[in-house]
Amino acid sequence: ASLAAAAPDLAALKAALAATDSPLRETATNLVFADGGPESGLMMIGEAPGADEDRLGRPFVGVSGQLLDRMLDSVGLRRAENFYLTNILPWRPPGNRTPTDAEINLFLPFLLRHVALVRPRHLVLLGGVSAKALLHAKEGITRLRGRWHVMQAEATGPLPALATLHPAYLLRSPAAKREAWSDLILLRRTLDRAVSPGS
Ligand code: URA
């Protein structure tokens, strides 16, 4: 936590993450830090890198990332300009297993510092691991999704956070795309209202 808090900028935070001991670091190939536009005002937080992300060192570049890009594109949001992406864990868990609480707790101070440095106006939490970790919620993602919450953290101050389904889940359960679509409409409306208040 003190290493994370001491990082003055994103490059220093990335270096601090790379230097932090974790068994995950031993089995992963590349640190996966972030992608997209840090100035965009919109920060999306996924779970953990998969095999493609581990190989390329960038978040959401595999099939679920491609689905995510297509869905966001359909509401006019493009990765390079309109949003910034990272994950709860910066290293791929072996075999893509679910992150453990210990892994989440180790890397959470880095993630919160990441959010504090980027200073987004809105957060999108992709999937149950991200939503539960950042909202300290007991409910599952099917109950949390579809509405704005307030993420409360000392490092960041309160921030509006929309919980939605993870694109990897949508690949397994295509019928749920209907819910994800309605979450994206809500996101789009909120962003539109934020840029043109009173309209
Ligand atoms: N799933 C995630 O949660 N993050 C990635 O970067 C890729 C797949």
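The present account deals with the structure reproduced in this document. (Residues numbered from 1 in each chain as written. Predicted model: local features only at pLDDT ≥ 70, side-chain atom pairs only at ≥ 80, totals over all residues. Heavy atoms only, no water.)

1. Quick notes on the overall build of the protein
Assigned secondary structure in the protein consists of 11 helices and 6 strands. Its C-alpha atoms put the protein at 50 × 35 × 35 Å along the principal axes. Within the protein, buried positions represent 49% of all 199 residues. Contacts spanning at least 24 positions in sequence make up 71% of the contacts within the protein whose residues lie at least 6 apart. (Helix = DSSP H or I, 4+ residues; strand = E, 2+ residues; numbered from the N terminus. Buried < 20%, exposed > 50% of the residue type's maximum accessible area, 1.4 Å probe, protein only. Contact = heavy atoms within 4.5 Å.)

2. Quick look at the packing of helix α7 (residues 101-118) against helix α8 (residues 128-135)
Between α7 and α8, the least distance of the axes is 11 Å, while the angle of their chain directions is 75 degrees. Accordingly, the angle class assigned to the pair α7 and α8 is roughly perpendicular. Within the contact between the two elements, α7 uses I104, L108, L111 and L112 and α8 uses V129, A133 and L134. Considering only residue class, the contact of α7 with α8 consists of 7 nonpolar, no polar and no charged. (Axes fitted to C-alpha atoms, helices over the stretch in contact; angles between N-to-C directions. Parallel < 35°, antiparallel > 145°, perpendicular 65-115°, else oblique. Nonpolar A, V, L, I, M, F, W, Y, C, P; charged D, E, K, R; others polar.)

3. What about the packing of helix α2 (residues 10-19) against α7?
Close contact between α2 and α7 brings their axes to 10 Å; oriented N to C, the two are set at 170 degrees. In terms of orientation, α2 and α7 fall into the roughly antiparallel class. Facing L10, L13, A16 and L17 of α2, the residues of α7 in contact are F107, F110, R113, H114, L117 and V118. When grouped by side-chain class, the residues that make up the contact of α2 with α7 number 8 nonpolar, 1 polar and 1 charged.

4. Some points on the nonpolar core
Soluble globular proteins: nonpolar side chains tend toward being buried together. One finds M44, I45, L123, L134, M151 and L187 to be the most contacted residues of the largest nonpolar core, which totals 60 residues. The element that contributes the greatest number of residues to this core is α7, accounting for 8 residues. Once residues lying within four places of it in the same chain are set aside, the contact partners of L187 are L42, M44, L72, L77, V124, W148 and L162. (Core = buried A, V, L, I, M, F, W, Y, C linked by side-chain atoms within 4.5 Å.)

5. Observations regarding the site of the ligand
Around the ligand sit G46, E47, A48, E53, P59, F60, S64, N87 and H166, and that is every residue in its neighbourhood. In the model, a nitrogen atom of the ligand is placed 3.1 Å from a nitrogen or oxygen of the A48 main chain. Within the backbone of F60, an N or O atom sits 2.9 Å from an oxygen atom of the ligand. The fraction of the free accessible surface of the ligand (240 Å²) that becomes covered by protein chains is 93%. A molecule is said to occupy a pocket when more than half its atoms come within 2 Å of that pocket's grid points, and by this definition the ligand occupies the largest pocket. The residue makeup of the shell around the ligand, split by class, is 3 nonpolar, 4 polar and 2 charged. (Near = heavy atom within 4 Å. Polar contact = N/O pair within 3.5 Å; in protein donor to acceptor, adjacent residues only side chain to side chain. Areas by Shrake-Rupley, 256 points an atom, 1.4 Å probe, with all protein chains shown as cover. 1 Å grid on protein atoms, 1.4 Å probe; cavity = no way out; pocket = protein on both sides within 12 Å on 5 of 7 lines; lining within 4 Å. Sits in = over half its atoms within 2 Å of the grid points.)

6. Observations regarding the layout of surface pockets
What the largest pocket holds in volume is close to 600 Å³. Along the wall of the largest pocket there are 26 residues; nearest its centre are E47, A48, H166, A168 and R172. Counting residues per element, the ones that place at least two in the lining of the largest pocket are α4 (51-56), α5 (63-73), α8 and α10 (167-172). Tallied by class, residues from the lining of the largest pocket come to 12 nonpolar, 9 polar and 5 charged. Its volume calculated, the second largest pocket comes out at about 170 Å³. Lining the second largest pocket are S40, G41, L42, L77, N82, R121, H122, R188, L191, D192, A194 and V195. (Points joined across faces, edges and corners; volume = space filled by probe spheres on them.)

7. Topic: the side chain of R79
Residue position: R79 is located in helix α6 (residues 79-82). A polar contact of 2.5 Å, which involves the side chain of R79, links it to the backbone oxygen of F60. When neighbours within four sequence positions are excluded, R79 is seen to be in contact with D35, G36, G37, R58, P59, F60, V61, G65, D69 and L85.

8. Side note on helix α11 (residues 177-195)
For an α-helix, the turn length of 3.6 residues means that residues three or four places apart are oriented alike. Taking 1.5 Å of rise per residue, 19 residues should cover 27 Å, and α11 covers 27 Å from first to last C-alpha, within 8% of that figure. Every buried residue of α11 is listed here: A180, D183, L184, L187, T190 and L191. Along the axis of α11, the buried residues cluster in a sector spanning 125 degrees; they form a single face. Exposed side chains of α11 directed beyond 90 degrees from the buried face belong to R178 and R189. Elements that come into contact with the buried residues of α11 comprise β2 (42-46), α5, β4 (122-126), β5 (148-151), β6 (159-164) and α10. (Expected span 1.5 Å × (residues − 1). Arc of directions from axis to C-beta.)

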